[in-house]
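# Fold and contact review
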Amino acid sequence: MWKTIKRWYHQLGSPRYFYRFSSAVLPWLTPIAVLVLLVGLVWGLAYAPVDRYQGNSYRIIYIHVPASSAALMGYIAMGVAGLVALVWRMKMAEVALKALAPFGAVLTAVSLVTGSLWGKPTWGTYWQWDARMTSMLIL
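Definitions and cut-offs
Residues numbered from 1 in each chain as written. Predicted model: local features only at pLDDT ≥ 70, side-chain atom pairs only at ≥ 80, totals over all residues. Heavy atoms only, no water. Helix = DSSP H or I, 4+ residues; strand = E, 2+ residues; numbered from the N terminus. Rg over C-alpha atoms; globule rule 2.2 N^0.38 Å. Buried < 20%, exposed > 50% of the residue type's maximum accessible area, 1.4 Å probe, protein only. Contact = heavy atoms within 4.5 Å. Areas by Shrake-Rupley, 256 points an atom, 1.4 Å probe, with all protein chains shown as cover. Patch = residues over 30% accessible without salt bridge, like charges linked within 9 Å, V, L, I, M, F, W, Y side chains within 5 Å. Salt bridge = Lys/Arg side-chain N within 4 Å of Asp/Glu carboxyl O. pLDDT = per-residue confidence, 0-100. Axes fitted to C-alpha atoms, helices over the stretch in contact; angles between N-to-C directions. Parallel < 35°, antiparallel > 145°, perpendicular 65-115°, else oblique. Left-handed = near helix turned anticlockwise from the far one by under 90°. Nonpolar A, V, L, I, M, F, W, Y, C, P; charged D, E, K, R; others polar. Core = buried A, V, L, I, M, F, W, Y, C linked by side-chain atoms within 4.5 Å.

### Examining the overall build of the chain
Each helix and strand in the chain was counted, giving five helices and zero strands. Its helices and strands taken in sequence order, the chain reads α-α-α-α-α from the N to the C terminus. By the compact-globule yardstick of 14 Å for 139 residues, the chain is too spread out, its C-alpha radius of gyration being 19 Å. Oriented by its inertia axes, the alpha-carbon framework of the chain measures out at about 55 × 30 × 25 Å. Within the chain, the fraction of its 139 residues that count as buried is 22%. Within the chain, residue pairs in contact and separated by at least 24 positions form 52% of the contacts whose partners lie at least 6 positions apart. As presented, the chain carries roughly 10300 Å² of accessible surface, and 73% of it is formed by carbon and sulfur atoms.

### A short note on a nonpolar patch on the surface
On the surface, Tyr9, Leu83, Leu86, Val87, Trp88 and Met90 cluster together to form a nonpolar patch covering roughly 700 Å² of accessible area. When residues of the nonpolar patch are assigned to their parent elements, the largest contribution, four residues, is made by helix α3 (residues 61-88). Note on placement: Met90 falls in the loop between α3 and α4 (91-123).

### Thoughts on the environment of Ser116
Locating Ser116 in the fold gives a position in helix α4. When the C-alpha positions of Ser116 and Phe103 are compared, they lie 20 Å apart, and in sequence the two are 13 residues distant. Excluding its chain neighbours within four sequence positions, the residues that come into contact with Ser116 are Tyr126 and Trp127.

### Points about the pattern of salt bridges
One pass over the structure, following the stated rule, counts one salt bridge. Where Arg132 meets Asp130, a salt bridge forms, and the shortest distance between an N and an O atom there is 3.3 Å. For Arg132, a relative accessible area of 65% corresponds to the exposed category.

### Topic: the confidence of the model for the chain
Confidence along the chain averages 91 in pLDDT terms, with 100% of residues attaining 70 or more. No element of the chain has a lower mean pLDDT than helix α1 (residues 2-12), which averages 86, and none a higher one than α3, which averages 94.

### What about the packing of α4 against helix α5 (residues 131-138)?
Between α4 and α5, the shortest axis-to-axis distance is 10 Å and the interhelical angle comes to 150 degrees. Comparing their axes, α5 and α4 come out roughly antiparallel. Considering the relative orientation of α4 and α5, their crossing is left-handed. Residues Thr108, Ser111, Leu112 and Trp123 of α4 touch α5, and the partners they reach there are Met133, Met136 and Leu137. Of the residues assigned to the contact of α4 with α5, the class counts are five nonpolar, two polar and no charged.

### Thoughts on the nonpolar core
Formed by Ala67, Ala70, Ala71, Leu107 and Met136, the largest nonpolar core amounts to five residues. Residues within four places of Ala67 in sequence aside, it is in contact with Leu107, Val110 and Ser111.

Printed below as a string of structure tokens:
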């Protein structure tokens, strides 16, 4: 089993094999990802219980928190991929950098917008110059 994992690891490190593998898997994974995303949005926005103190504005947290977490994970992955690209000169690390940059940027924008929409009814303002909010804006 270890030899199989090692062989797959090295094969997926090759851009030619990776693109062939991902082009075969992508048509199957795209509809599954869209379906799971839609189900999560409907459950989070429509079926989540109303909060006792914040009312319906609390439901936006079901989008805001995962978007913030995923954006930060994307930027951490970009840092790791950048380190791998600089130290070991792996071409797939550069491919990962190019793929993760729009992912992180879009989720950061979603995080800032949903955070502002939640902050207005909760704090009475769309923006506070909090350290966490400002660091997401800089990202």
